[in-house]
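Next come the chains, spelled out residue by residue.
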Amino acid sequence: IATGELPEFADRTYSYAGGIVGKCTKNMAIYDCSADDTGKVTASGTYTGGLVEVNEGRIIDCKSGNMGMSSMSYIGGIVGLNKKGGAVESGSLNGKTVTGGSVVGGIVSDNYGTVDGGEIQVTGKVVGYGENIGGIVGLSHSGAVVKNYRLAINVQGTGVNVGAGAGQNLGSFSNVKYTEGSF
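Below: a short report on this structure. (Residues numbered from 1 in each chain as written. Predicted model: local features only at pLDDT ≥ 70, side-chain atom pairs only at ≥ 80, totals over all residues. Heavy atoms only, no water.)

Regarding unusual backbone geometry
Working step 1: In this structure, Asp-61 is a non-glycine residue whose phi angle is positive, near 55 degrees.
Working step 2: In this structure, Asp-61 sits in the loop between β5 (58–60) and β6 (67–68).
Working step 3: One non-glycine residue with positive phi stands out, namely Ser-90, at about 55 degrees.
Working step 4: Among the residues examined, Ser-90 registers a relative accessible area of 18% and is labelled buried. (Helix = DSSP H or I, 4+ residues; strand = E, 2+ residues; numbered from the N terminus. Buried < 20%, exposed > 50% of the residue type's maximum accessible area, 1.4 Å probe, protein only.)

Here you go:
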């Protein structure tokens, strides 16, 4: 490691707080789950996910509930941090609202893996009070993939990098169509 460089994620903290599970590991899969707005997910680490804080496995056909607060950053409706090798498939907001400060995504906050909508339509609202606010992902990094979504979503942000699909995309972004909604 060069002087002054940190290994990937070394500057992040984890509390592994998620609405269903804190961490979905590499050999784990979570199917057909949803949040029903009866509880509150509060994390003391960098990330908060409505269902999972850190994903390295597969999360399939899951739906977010209403979540977040304006004072919290790195908020994802389903996943806070989707690591390389992690996959979120057919994830949906299901008409719910995700709120946060910076790096807020309706499905995933911070994406290094794959987010594949499987051609589903996402409805709902994402509100951010900082930068990198997106209907699907807040921030998608180099090597990450976002694809196959139909969006009918309302995304509102007060900072830079606000988008219906991604707040900021540095990776692959394909077959995402905006059917209605507003910024």
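Considerations on the pattern of salt bridges
Working step 1: All told, the structure shown has 5 salt bridges when counted by the stated rule.
Working step 2: For Lys-83, the salt bridge is made with Glu-56, and the minimal N-O distance between the two is 3.7 Å. One end of the pair, Lys-83, is in the loop between β8 (79–82) and β9 (87–89); the other, Glu-56, is in the loop between β4 (52–55) and β5, with 27 residues separating them in the sequence. Each member of the pair, Lys-83 together with Glu-56, is buried.
Working step 3: Salt-bridge contacts for Arg-58 lead to Glu-89; the nearest nitrogen and oxygen are separated by 2.8 Å. With a gap of 31 residues between them, Arg-58 in strand β5 and Glu-89 in strand β9 connect regions that are remote in the sequence.
Working step 4: Its relative accessible area of 21% is what places Glu-89 among the partly exposed residues.
Working step 5: Several salt bridges converge on common partners, so that one network encompasses Lys-23, Glu-56 and Lys-83. (Salt bridge = Lys/Arg side-chain N within 4 Å of Asp/Glu carboxyl O.)

A short note on the nonpolar core
Working step 1: In terms of nonpolar packing, the biggest core is built from 32 residues, with Ile-107, Val-115, Ile-136, Tyr-149, Leu-151 and Ile-153 touching the most fellow members.
Working step 2: Of all elements in the fold, only β13 (114–128) and β16 (145–157) reach the threshold of two or more residues within this core.
Working step 3: Considering every element that reaches this core, the biggest residue donor is β16, with 5 residues.
Working step 4: If we skip the residues at most four places from it in the chain, Val-115 touches Asn-82, Val-88, Ile-107, Val-108, Ile-136, Val-137, Val-145, Val-146, Lys-147 and Tyr-149. (Core = buried A, V, L, I, M, F, W, Y, C linked by side-chain atoms within 4.5 Å. Contact = heavy atoms within 4.5 Å.)

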